[in-house]
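Chain by chain, the residues run as shown.
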There are 2 protein chains.
Amino acid sequence: MGSLIRSAALDASLCNVTWSDGHTTAFPALWLRDHCGCPDCLHPETHQRLVDTFSLPDDLTPQDPQVADNGRALILTWSPERHSSRYDADLLRRLADGKEPTDPVAKTLWDAATLAEEGLGEVPAEGFLSDDDLLAEALTKLDRRGFLFVEGLDPTPEATQAVARRISYIRETIFGGFWDFTANMEHKDTAYTTLEIGPHTDGTYSFDGPGYQMFHCLAFEGTGGESLLVDGFRVAREIQERAPDLYRVLGEIAVPGQYLDHERGVHLLAKRPVLRHDSDGALIQVSYNNHDRAAFLPDRERLEAFYEGLRLFHRLANDPAFQMIERLAPGRMLIFDNWRTLHGRKAYQGKRRLAGAYINKEDVESRLRVLQLKGAV
Amino acid sequence: MGSLIRSAALDASLCNVTWSDGHTTAFPALWLRDHCGCPDCLHPETHQRLVDTFSLPDDLTPQDPQVADNGRALILTWSPERHSSRYDADLLRRLADGKEPTDPVAKTLWDAATLAEEGLGEVPAEGFLSDDDLLAEALTKLDRRGFLFVEGLDPTPEATQAVARRISYIRETIFGGFWDFTANMEHKDTAYTTLEIGPHTDGTYSFDGPGYQMFHCLAFEGTGGESLLVDGFRVAREIQERAPDLYRVLGEIAVPGQYLDHERGVHLLAKRPVLRHDSDGALIQVSYNNHDRAAFLPDRERLEAFYEGLRLFHRLANDPAFQMIERLAPGRMLIFDNWRTLHGRKAYQGKRRLAGAYINKEDVESRLRVLQLKGAV
């Protein structure tokens, strides 16, 4: 059930709203006027602000507060303007509580043990591609655990692109957009092994690190080559529990990532802490690639703790107790949250064809937000 | 002239380097080993770290520091490893001073008066497109003032794209990538005016706000329609001088930007302060679009100052003393830094065709960095 307003009263330039749960919020008049939701003040479709915030009269005064629709709305009239504003109680309460238009998906941290118990939660391609409710469910799952397996796709690049387009559009980068990569070792020494790649995140050198990566297996004939995933948020929690001081330093020190290809004229550089937090102190992004870490000298006071923290992070991420190891068979796709989930690959021999693409973090959030507001979740 | 090392001495796990200017830096042994620049430890082309930071011996000890090449290099040998490292003095000093691989371009703040004095500094298309030194000069100019006019392009979409590709690649967004837009009012009431658009920045709803926007005029027959630019950093400085408290609040409060098109399934949301600073307190990004500001309730203590700051920002940005107003004639292109420069447009009547594209901030920085390191600037 939504929030209800019990009463509303004016006090100088404030409108004090008392909620049915007894809590009171003081909304300043200027703010209320600026957030009028009538079609003259807020575009009904785009929700763009139409009211001119900066031309409101200096002596703007709210009058005659009314609780309407059994507490579901607040109505104010404005002087000296002849304007009336109606506010949805639910929206007012969400804003008072600092909430976004939709509630964030609660994240479930995982490790090898919890995954063994809970399973991978694969979703079939068909529903994902055709049913909005199932898409919403799948994207929620992806957000909750930071990865998702889609099963039963055609092993074709067209199918890869269909999945990407179903979610949003493909991100363009220095490497291009959609990729389709075949490593064929059959004509070389069969002893040749395509090397193991340790767990890392992509794009530590990019301001807006790639949000999601897709790995769609189109062909595989050989041995090895399993995909390896690590829940970076789970590793972070482990560090926080074992060594809060190291956690703090990994959250503070901005680490430069670098991508350098002077032949092609590319030299990207971006900086952020291994553990990036929002202004409320919530962990929002893990960035880790020791190969791409650019040269930089942390301050003397924290240098030792920084390296110790990095070492602990590396050790945990490479500990099988924190890893998921899964084979990608043709038609199977792995999508993972590159702001949270580290990925790697076991060494392999043989022929392997993978296709994939990056999708921006903001665009996946956008897609899920729309589905949530539609009531699909 | 570069930095020179006068002497180097070991002190427990530190290597104390004394520079020719008398300054001393204490480099920890672990850090030095981790930053060895030999081809086994650092890939000569990609500069990716090859040394395994986490497998270095616990009893790692630097030995026998040598100043080489008349102070231009430091040489260390390592025990128990049989490894020798050579460090470039210049690079060590840059890292000790917290500098990036290239020096940032000093920004020149501008307003109507300074522009009238200094001119627009247009660059001809030909050199921009064909000569790396001239490209470097132009990108430096763009970085210094936050805008650049390129003159004498073919008035064709191909020419627009050639400029974009000359710098980097076109950013893909929910709107697509390259755009080519014609507004033709000739069949409508000639009194119809394509409305004025006030100064704003694009993409306040995007995590990585568009770095640069290009406006290339392909055709114009009519009156009005001048482009309007404002140096957001100049406005910020004005606010800092007139009202430091408001400056602080505009730098602190994260403002949500929103783009909503539920029909197309898009609902983007991002948050950052109007004046975003880096961890050293330097202003790095201005974000301002009052129409796209999403509903949010700032905390009571700062709400009034927030609106007052917003009002002052709006007033200054709309004050002709802070504006540049320029007509885009066919073949003329305006490129501007959307992290700094607000743009708008005067009302117009007639037919106008513009083409353009966004380029990411990081990709323009990358391009200029490569040109700088090549010595083109």
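Scoring rules and cut-offs
- Residues numbered from 1 in each chain as written.
- Chains lettered and ligands numbered in written order.
- Predicted model: local features only at pLDDT ≥ 70, side-chain atom pairs only at ≥ 80, totals over all residues.
- Heavy atoms only, no water.
- UniProt positions renumbered as here; feature names shortened; annotations may be inferred.
- Phe/Tyr/Trp six-rings, centres within 6.5 Å; stacked < 30°, edge-to-face > 60°.
- Buried < 20%, exposed > 50% of the residue type's maximum accessible area, 1.4 Å probe, protein only.
- Helix = DSSP H or I, 4+ residues; strand = E, 2+ residues; numbered from the N terminus.
- Lys NZ or Arg CZ within 6 Å of the ring centre and 35° of its normal.
- Pairing = 2+ DSSP bridges.
- Axes fitted to C-alpha atoms, helices over the stretch in contact; angles between N-to-C directions.
- Salt bridge = Lys/Arg side-chain N within 4 Å of Asp/Glu carboxyl O.
- Contact = heavy atoms within 4.5 Å.
- Buried area = accessible area lost by both parts, 1.4 Å probe.
- Polar contact = N/O pair within 3.5 Å; in protein donor to acceptor, adjacent residues only side chain to side chain.
- Nonpolar A, V, L, I, M, F, W, Y, C, P; charged D, E, K, R; others polar.

The name given to chain A in an unreviewed UniProt entry is trimethyllysine dioxygenase, and the organism recorded there is Limibacillus halophilus. Under Function (unreviewed entry), UniProt gives the following word-for-word description of chain A: "Converts trimethyllysine (TML) into hydroxytrimethyllysine (HTML)." Here is the UniProt Sequence similarities (unreviewed entry) comment for chain A, exactly as written: "Belongs to the gamma-BBH/TMLD family."

*Asks:* Is there a simple way to explain the packing of aromatic side chains in this structure?
*Replies:* Remark: the centre distance and the inter-plane angle together describe each pair of aromatic rings, the angle taken between the planes. On inspection of all chains with the given rule, the structure shows 24 aromatic pairs over all chains. Between Phe-306 of chain A and Tyr-307 of chain A, the ring centres sit 5.6 Å apart and the planes meet at 80 degrees, which makes this aromatic pair edge-to-face. For the residue pair Phe-306 of chain A and Tyr-307 of chain A, the accessibility class agrees, reading buried in each case. Both rings, one in Trp-179 of chain B and one in Phe-215 of chain B, keep their centres 5.9 Å apart while their planes meet at 70 degrees; by these two values the pair is edge-to-face. Here Trp-179 of chain B, found in strand 9 (residues 179–184), pairs with Phe-215 of chain B, found in strand 11 (residues 212–224); they are 36 residues apart in sequence, far enough to count as distant. The exposure class assigned to Trp-179 of chain B is partly exposed, which follows from its relative accessible area of 25%. Accessibility expressed as a relative area gives 12% for Phe-215 of chain B, which makes it buried. One aromatic cluster is present, built from ring pairs that chain together Trp-110, Phe-147 and Phe-149 of chain A. We note Arg-332 of chain A situated over the ring of Phe-149 of chain A; from NZ or CZ to the ring centre the distance is 4.3 Å.

*Asks:* Quick question: what am I supposed to make of unusual backbone geometry here?
*Replies:* Excluding glycine, a negative phi dihedral is what most residues carry, and trans is how most peptide bonds are arranged. With an omega of 0 degrees, the peptide bond between Ser-79 of chain A and Pro-80 of chain A qualifies as cis. For His-47 of chain B, which is not glycine, the phi dihedral falls at a positive 60 degrees. Residue position: His-47 of chain B is located in the loop between helix 1 (29–34) and strand 4 (61–68). The exposure class of His-47 of chain B is partly exposed, given its relative accessible area of 35%. The backbone of Asp-64 of chain B shows a phi angle near 50 degrees, a positive value even though the residue is not glycine.

*Asks:* Looking at this model, I keep getting lost on the sheet that holds strand 3 (residues 24–28) of chain B. Mind explaining?
*Replies:* Either a parallel or an antiparallel arrangement is found when strands of a sheet pair, and the pairing is made through backbone hydrogen bonds. Residues and elements named next belong to chain B. If you walk across this open sheet you meet the three strands as 1-2-3, and the pairing is antiparallel. The sheet is open, and its two edges are formed by strand 1 (5–11) and strand 3, each paired on a single side. Adjacent strand axes in the sheet meet at a mean angle of 20 degrees, parallel and antiparallel pairs treated alike. Of the strand pairs in this sheet, strand 1 and strand 2 (residues 14–19) are connected by six bridges, and their pairing is antiparallel. By the bridge assignment for strand 2, Ile-5 is matched with Trp-19.

*Asks:* Would you take a moment to explain the pattern of salt bridges for this structure?
*Replies:* Proximity of charged atoms lets side chains of opposite charge pair with each other. Residues and elements named next belong to chain A. Scanning the entire structure with this criterion turns up 58 salt bridges over all chains. Between Arg-248 and Glu-252 there is a salt bridge, and its shortest N-O distance comes to 3.2 Å. Note that Arg-248 and Glu-252 are positioned in helix 8 (residues 244–252) at a spacing of four residues, about one turn of the helix. Look at Arg-248 and you get partly exposed, because its relative accessible area is 45%. Taking relative accessible area as the criterion, Glu-252 reaches 36% and is therefore assigned partly exposed.

*Asks:* Is there a simple way to explain the environment of Leu-312 of chain A in this structure?
*Replies:* Residues and elements named next belong to chain A. Counting through the fold element by element, Leu-312 comes out in helix 9 (residues 300–317). Residue Leu-312 is classed as buried on the basis of its relative accessible area, which comes to 8%. In sequence terms Leu-312 and Leu-246 are 66 residues apart; their C-alpha atoms lie 8.7 Å from each other. Among all residues touching Leu-312, those that are not within four sequence positions of it are Ile-239, Arg-242, Ala-243 and Leu-246.

*Asks:* For this particular structure, what's the right way to read the interface of chain A and chain B?
*Replies:* Note: interface size is frequently given as the accessible area lost on complex formation between the parts. Tallying the contact residues gives 63 residues for chain A and 63 residues for chain B. For the pairing of chain A and chain B, the buried interface totals around 5900 Å² over both sides, and the portion due to carbon and sulfur atoms is 59%. Among the residues chain A hides against chain B, the three largest losses belong to Phe-54, Phe-207 and Leu-297 of chain A. Together they make up 13% of the total. At the boundary of chain A with chain B, the tally comes to four salt bridges. Here Asp-34 of chain A ties to Arg-293 of chain B by a salt bridge, and the two come within 2.8 Å at their closest N and O atoms. Counting every contact that joins chain A to chain B gives 30 residue pairs in polar contact (both at pLDDT 80 or more). Counting residues per element, the ones that place at least two in the side of chain A that touches chain B are strand 3 (24–28), helix 1 (29–34), helix 2 (89–96), strand 13 (255–261), strand 14 (266–272), helix 9 and helix 10 (361–373) of chain A. At nine residues, helix 10 of chain A tops the list of elements feeding residues into the side of chain A that touches chain B. In terms of residue class, the side of chain A that touches chain B is made up of 31 nonpolar, 15 polar and 17 charged.

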